[in-house]
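# Per-entry structural report
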Amino acid sequence: MVMYRKSGLLLLILLIVASLALAACGGSDSKNEVSQDEAGGSADTSLPQTFESVTVLTGHAGWVMSVAWSPDGGRLASAGEDGTVRVWDAGSGAELRVLQGHRAWVYSVAFSPDGARLASAGWDRTVRVWDAGSGAELLVLQGHEGPVRSVAFSPDGARLASAGDDGTLRVWDAGSGAELRVQRGHGGWSVDTVAFSPDGARLASAGGDGKLRVWDAGSGAELLDLQRGRVYSVAFSPDGARLASASNFGMVRVWDAGSGAELRDLQGHRGLVYSVAFSPDAARLASAGEDGTVRVWDAGSGAELRVLQGHEGPVRSVAFSPDGARLASAGRDGTVRVWVVPGS
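Now for a look at the structure at hand. In this text, all values refer to a predicted model and were calculated from it rather than measured experimentally.

Along the protein, the regular secondary structure elements total 1 helix and 28 strands. Out of the 344 residues in the protein, the part that is buried amounts to 52%. A total accessible area of about 15,000 Å² is found for the protein, and carbon and sulfur atoms account for 52% of it.

Below, the structure is given as structure tokens:
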């Protein structure tokens, strides 16, 4: 009897030890799986690559080619194939104004630094300046001998720069509309984009000749000759130290705006990249492309942070809000979409 009791007790002890050993093995496997995920073996599902836009603005008929924020972040302006410039309440999405004057496609729109005026550029070879509050047309600037693809205010609001299919970059007095300078430096090829540096001392332009050029905004002297491949959009970082360019073959590049050295080559888009913008703190870049995506990048490391999907077709324009908390995008599907920027 004693022997049987000892044997039963021994068997019970062996079963308990075996159970503990099996549990320990299972826990070890689970820990190994977690460590593989943390090491980069699978996607981090806590940071989704796609998410819904917060607000979708509809009203344009056809492509929306350009979108811009007012300096206070309260309004958005958009320009499109339907020949209109539209002003929206950025919070509610309500359409506030429809500005009509261009005779066909409007390719670019920009707010003045004080938010009081809007400038637009279009297929009808004109740059137009509007009262952003009332919608009244203030100026019609004529001089380009072909469609005007891009327009930008200087940081002080005193000048406008425009770029067009006639191969010229033109600088205008934003108050009177007088043409101050005609600049030819892209070999007769179309000039697709123009941007002022934050201090207003430089201009960047790019186009069909495959060159990204930086100019002295006062004298017109060429300071840098960059890029190999067509560039559709260019943007200075808020401190003026870097340039970002969007081009064909899915390329987004970051450059040293002083030396012209290439700092980053950001790859992820498929096809043409139409637009690029820095966040106000210069920490992030946003780009928009033919592949229907808006992509958000770490501007320092070049890491891709987000892929925003929602547009049906190519996305032509992207812009950060002044506080960096939202992104606006515009595309072929006739919509402007407003997204919340994660981590803002």
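Attention now goes to the sheet that holds strand β21 (residues 262-267). Across the sheet, 4 strands lie side by side as β18-β19-β20-β21; this open sheet has antiparallel pairing. Edge positions in the sheet fall to β18 (231-236) and β21, since each of these pairs with one other strand and no more. Averaged over all adjacent pairs, the angle separating strand axes in this sheet is 20 degrees, with direction ignored. Where strand β20 (residues 251-256) and β21 come together, 5 bridges link them in antiparallel fashion. Across the sheet, residue Trp255 finds its bridge partner in β21, namely Glu262.

A few words on the sheet that holds strand β5 (residues 95-100). The antiparallel open sheet is built from 4 strands, whose spatial order is β2-β3-β4-β5. Either end of the sheet is taken by a strand with one partner, and the two such strands are β2 (64-69) and β5. Adjacent strand axes in the sheet meet at a mean angle of 20 degrees when their direction is disregarded. Direction of pairing for β2 relative to strand β3 (residues 75-80): antiparallel, over a ladder of 5 bridges. Looking across to β3, one finds that Ser66 is bridged to Ala79.

Another aspect to go through is the packing of aromatic side chains. Aromatic ring pairs: the centre-centre distance and the angle between the two ring planes describe each pair. A complete count under the given rule lists 3 aromatic pairs for this structure. Residues Trp105 and Tyr107 carry aromatic rings whose centres are separated by 6.1 Å and whose planes lie at 20 degrees to one another, so their mutual orientation is stacked. Their ring planes at 70 degrees and their centres at 5.7 Å tell us that Tyr232 and Tyr274 sit as a pair that is edge-to-face. Remark: Tyr274 occurs in strand β22 (residues 273-278) and Tyr232 occurs in strand β18; sequence separation between them is 42 residues. Over the ring of Tyr107 we find Arg149; its NZ or CZ atom is 4.3 Å from the centre of that ring. The ring of Tyr274 carries Arg316 above its face, with NZ or CZ at 4.0 Å from the centroid.

Attention now moves to the pairing of strand β23 (residues 284-289). Burial within β23 is extensive, with 6 of its 6 residues counted as buried. Two elements, β22 and β23, share 5 bridges in a ladder whose sense is antiparallel. Residue pairing for β23: Val273 is matched across the bridge by Gly289. The turn joining β22 and β23, which pair antiparallel and follow one another in sequence, is formed by 5 residues; a positive phi near 65 degrees is taken by Ala282. In this structure, β23 lies alongside strand β24 (residues 293-298), joined through 5 bridges in antiparallel fashion. If you follow Ala288 over to β24, its bridge partner there is Val294. Hairpin remark: β23 followed by β24, antiparallel, with 3 residues in the connecting loop; positive phi at Gly292, about 85 degrees.

Quick look at the side chain of Ser275 now. The topology assignment puts Ser275 in strand β22. Of the residues examined, Ser275 reaches a relative accessible area of 6% and is grouped as buried. Excluding residues within four positions of it along the chain, Ser275 makes contact with Ser233, Ala246, Ala286, Ser287, Ala288, Arg316, Ser317 and Val318.

Right, let's talk about the pattern of salt bridges for a bit. One pass over the structure, following the stated rule, counts 17 salt bridges. Across the salt bridge formed by Asp192 and Arg230, the nearest N and O atoms sit 2.9 Å from each other. Taken together, the residues Asp192 in strand β14 (residues 191-196) and Arg230 in the loop between β17 (222-226) and β18 connect sequence positions 38 residues apart. Accessibility expressed as a relative area gives 28% for Arg230, which makes it partly exposed. Close ionic contact of Arg213 with Glu222 constitutes a salt bridge, the shortest N to O distance being 2.9 Å.

Thresholds, definitions, all that
- Residues numbered from 1 in each chain as written.
- Predicted model: local features only at pLDDT ≥ 70, side-chain atom pairs only at ≥ 80, totals over all residues.
- Heavy atoms only, no water.
- Helix = DSSP H or I, 4+ residues; strand = E, 2+ residues; numbered from the N terminus.
- Buried < 20%, exposed > 50% of the residue type's maximum accessible area, 1.4 Å probe, protein only.
- Areas by Shrake-Rupley, 256 points an atom, 1.4 Å probe, with all protein chains shown as cover.
- Pairing = 2+ DSSP bridges.
- Axes fitted to C-alpha atoms, helices over the stretch in contact; angles between N-to-C directions.
- Phe/Tyr/Trp six-rings, centres within 6.5 Å; stacked < 30°, edge-to-face > 60°.
- Lys NZ or Arg CZ within 6 Å of the ring centre and 35° of its normal.
- Contact = heavy atoms within 4.5 Å.
- Salt bridge = Lys/Arg side-chain N within 4 Å of Asp/Glu carboxyl O.

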